[in-house]
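# Understanding the architecture of this molecule
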Amino acid sequence: MSRTRRYRCLNCREHTVVREFDTSHLSVTCPDCGSFERFLNERVFERFRAYEESPPPELAWDRLDRTEKLFVCERLVRSEKTLDDFDIVEEEKAV
């Protein structure tokens, strides 16, 4: 019997789908909110939600945009990365 994974809609954050494969996300139309949205791996979503509630002090969480936050969470959950592997770099402003 194969393992299943749960994926959560990032728009409404309510609807979930279950699939028999493991990937970082799916892009499908949510039957609840009607948007064609990314459904995030539930383990990644749980890490994202935990960091939103209590950001890690060693990472400038509030300076990251949503995509960057999701990328960090995905790497932490789905790879061997740790918070020490991430650096926040200021972009230079054009003169």
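Residues numbered from 1 in each chain as written. Predicted model: local features only at pLDDT ≥ 70, side-chain atom pairs only at ≥ 80, totals over all residues. Heavy atoms only, no water.

Across its full length, the protein holds 2 helices and 4 strands. Counting helices and strands in the order they occur from the N terminus, the protein gives β-β-β-β-α-α. By residue count, 34% of the 95 residues in the protein fall in the buried class. By sequence separation, contacts in the protein at least 24 residues apart represent 41% of the contacts at least 6 residues apart. As displayed, the protein offers around 6800 Å² of accessible surface, 44% of which is attributable to carbon and sulfur atoms. (Helix = DSSP H or I, 4+ residues; strand = E, 2+ residues; numbered from the N terminus. Buried < 20%, exposed > 50% of the residue type's maximum accessible area, 1.4 Å probe, protein only. Contact = heavy atoms within 4.5 Å. Areas by Shrake-Rupley, 256 points an atom, 1.4 Å probe, with all protein chains shown as cover.)

An ideal rise of 1.5 Å per residue puts 18 Å on 13 residues; helix α2 (residues 66–78) measures up with 18 Å between its terminal C-alpha atoms. Packed against the buried residues of α2 are β4 (36–41) and α1 (42–53). The opening residue of α2 is D65, an N-cap whose side-chain oxygen sits 3.1 Å from the backbone nitrogen of T67. (Expected span 1.5 Å × (residues − 1). Polar contact = N/O pair within 3.5 Å; in protein donor to acceptor, adjacent residues only side chain to side chain.)

The next thing to look at is the packing of α1 against α2. At a minimum axis separation of 9 Å, α1 and α2 run at an interaxial angle of 125°. Taken together, the axes of α1 and α2 lie oblique to each other. Where α1 crosses over α2, the two elements pack in a sense that is right-handed. Mapping the contact onto sequence places R43, V44, R47, F48, Y51 and E52 in α1 and K69, L70, C73, E74, L76, V77 and R78 in α2. Grouping the constituent residues of the contact of α1 with α2 by class yields 7 nonpolar, no polar and 6 charged. (Axes fitted to C-alpha atoms, helices over the stretch in contact; angles between N-to-C directions. Parallel < 35°, antiparallel > 145°, perpendicular 65-115°, else oblique. Left-handed = near helix turned anticlockwise from the far one by under 90°. Nonpolar A, V, L, I, M, F, W, Y, C, P; charged D, E, K, R; others polar.)

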